[in-house]
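Geometric and topological summary
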Amino acid sequence: MNWPTAFVVLGFLGLIGVMFWRASADLAHFDAVWSAAGPIVGIVVGAIPGAVFGVSAHSAQRRAQSRAELYATRLPPGQAGDVEDKLLDLS
């Protein structure tokens, strides 16, 4: 995980913490606060792993593409075209 993604994740978690701290100071209406904020918390908690795994998948795809290009340049000239055709089929 890179630092911008971690910063966004910690920002969302901090926002939820501050929201509950400010809204439930007296705990008299905690059920109302939770019923209003529950869907938001669910979306944020669901979005965090999606963002983290999305960034990981994107970086893995870039690494695989660069490795494939590197390996294609190391093949003999007669076989390089076959590798490029296979790479096009995968994308």
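See the structure above.
Throughout what follows, the structure given in this document is the object of discussion.

**Quick notes on the overall build of the protein chain**
Summing up its helical and strand segments, the protein chain has three helices and zero strands in all. N-terminal to C-terminal, the α/β element order of the protein chain is α-α-α. With 91 residues in all, the protein chain has 15% of them scored as buried. For the protein chain, the exposed area adds up to about 7,100 Å²; of that, 68% sits on carbon and sulfur atoms.

**Quick word on the packing of helix α1 (residues 3-23) against helix α2 (residues 30-74)**
One way to put it is that α1 packs onto α2 with a least axis distance of 10 Å and a crossing angle of 175°. As summarised for this structure, α1 and α2 are arranged roughly antiparallel, according to the angle between their axes. Of the residues in α2, those touching α1 at Thr5, Val9, Phe12, Leu13, Ile16, Met19, Phe20 and Ala23 are Phe30, Val33, Trp34, Ala37, Val41, Val44, Ile48, Val52 and Val55. For the contact of α1 with α2, the per-class residue count stands at 16 nonpolar, one polar and no charged.

**Observations concerning a nonpolar patch on the surface**
On the surface, Trp3, Phe7, Val8, Phe12 and Leu15 cluster together into a nonpolar patch covering about 620 Å² of accessible area. Within the secondary structure layout, Phe12 lies in helix α1.

**What about the nonpolar core?**
Judged by nonpolar contacts, Val9, Ile16, Phe20, Val33, Ala37, Val41, Val44, Ile48 and Val52 together constitute the single largest core of nine residues. Elements represented by at least two residues in this core include exactly α1 and α2.

**A word on α1**
Taking 1.5 Å per residue as the helical rise, α1 with its 21 residues ought to reach 30 Å, and the 30 Å between its terminal C-alpha atoms agrees with that figure. Packed against the buried residues of α1 are α2.

The rules behind these values
Residues numbered from 1 in each chain as written. Predicted model: local features only at pLDDT ≥ 70, side-chain atom pairs only at ≥ 80, totals over all residues. Heavy atoms only, no water. Helix = DSSP H or I, 4+ residues; strand = E, 2+ residues; numbered from the N terminus. Buried < 20%, exposed > 50% of the residue type's maximum accessible area, 1.4 Å probe, protein only. Areas by Shrake-Rupley, 256 points an atom, 1.4 Å probe, with all protein chains shown as cover. Axes fitted to C-alpha atoms, helices over the stretch in contact; angles between N-to-C directions. Parallel < 35°, antiparallel > 145°, perpendicular 65-115°, else oblique. Contact = heavy atoms within 4.5 Å. Nonpolar A, V, L, I, M, F, W, Y, C, P; charged D, E, K, R; others polar. Patch = residues over 30% accessible without salt bridge, like charges linked within 9 Å, V, L, I, M, F, W, Y side chains within 5 Å. Salt bridge = Lys/Arg side-chain N within 4 Å of Asp/Glu carboxyl O. Core = buried A, V, L, I, M, F, W, Y, C linked by side-chain atoms within 4.5 Å. Expected span 1.5 Å × (residues − 1).

Taken by themselves, the reported measurements are silent on function.
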